[in-house]
Amino acid sequence: MTPVVAQVSITAIIPMLSAIANRQWQQFKELEANFVSQYGVEVWQDVFNFRLKPALDKDSDRWLLFQWCGEGIISVKNVA
């Protein structure tokens, strides 16, 4: 976990949790994009993995997974 993650205020995470709880996918995606533009992708990955996702109940975690899977593959990166 990067040191910046510990400095991310809980007020940046709560709106995302609320969007998930209210099943507002578009709002979650907007909040996620704003977070990434402010802190960067690496910090988002750590915040998501170590702070946001562990806070989700089973139904919310499943709902979020279904939303991501429902978007399909947007692009394919060729890894050599």
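Anything mentioned here points back to the structure above.
In short, a report on the structure.

Procedures and definitions
Sequence order as written defines the numbering, with residues in each chain counted from 1. Only residues with pLDDT of at least 70 are given local features in this predicted model, and only at 80 or more are side-chain atom pairs given and counted; all residues enter the totals for whole chains, interfaces and linings. Remark: hydrogens and water are excluded; side-chain values derive from all non-hydrogen atoms of the structure. In this text, helices come from DSSP runs of H or I with a minimum length of four residues, and strands from runs of E with a minimum of two, each type numbered from the N-terminal end. Among buried residues, those of type Ala, Val, Leu, Ile, Met, Phe, Trp, Tyr and Cys that are joined through side-chain atoms within 4.5 Å constitute a nonpolar core. Summary of the burial criterion: residues with accessible area below 20% of their type's maximum are buried, those above 50% are exposed, and those between are partly exposed, where the area comes from a 1.4 Å probe applied to protein chains only. Every residue pair with non-hydrogen atoms within 4.5 Å of one another is taken to be in contact. Put simply, a salt bridge is a Lys or Arg side-chain nitrogen that is within 4 Å of an Asp or Glu carboxyl oxygen.

## A short note on unusual backbone geometry
Okay, step 1: Phi angles above zero are rare outside glycine, and Arg23 is one such case at about 55°.
Okay, step 2: By the element assignment, Arg23 lies in the loop between helix H2 (10-21) and helix H3 (25-39).

## Some thoughts on the nonpolar core
Okay, step 1: One finds Ile20, Phe28, Phe35 and Leu64 to be the most contacted residues of the largest nonpolar core, which totals 16 residues.
Okay, step 2: Of the residues forming this core, the biggest block, five residues, is contributed by helix H4 (residues 41-52).
Okay, step 3: Once residues within four sequence positions are removed from consideration, Phe28 is found in contact with Met16, Ala19, Ile20, Trp44, Leu64 and Trp68.

## Some remarks on the pattern of salt bridges
Okay, step 1: Here the structure, examined in full by the defined rule, presents two salt bridges.
Okay, step 2: One salt bridge in this structure joins Lys29 and Glu32, with 2.8 Å as the shortest N-O distance. On the criterion of helical spacing, the pair formed by Lys29 and Glu32 is a turn pair, its members being three residues apart in helix H3.
Okay, step 3: Assessed through its relative accessible area of 24%, Lys29 is described here as partly exposed.
Okay, step 4: The class of Glu32 is buried, set by a relative accessible area of 11%.
Okay, step 5: Lys53 is the salt-bridge partner of Asp61, the closest N and O atoms lying 2.6 Å from each other.

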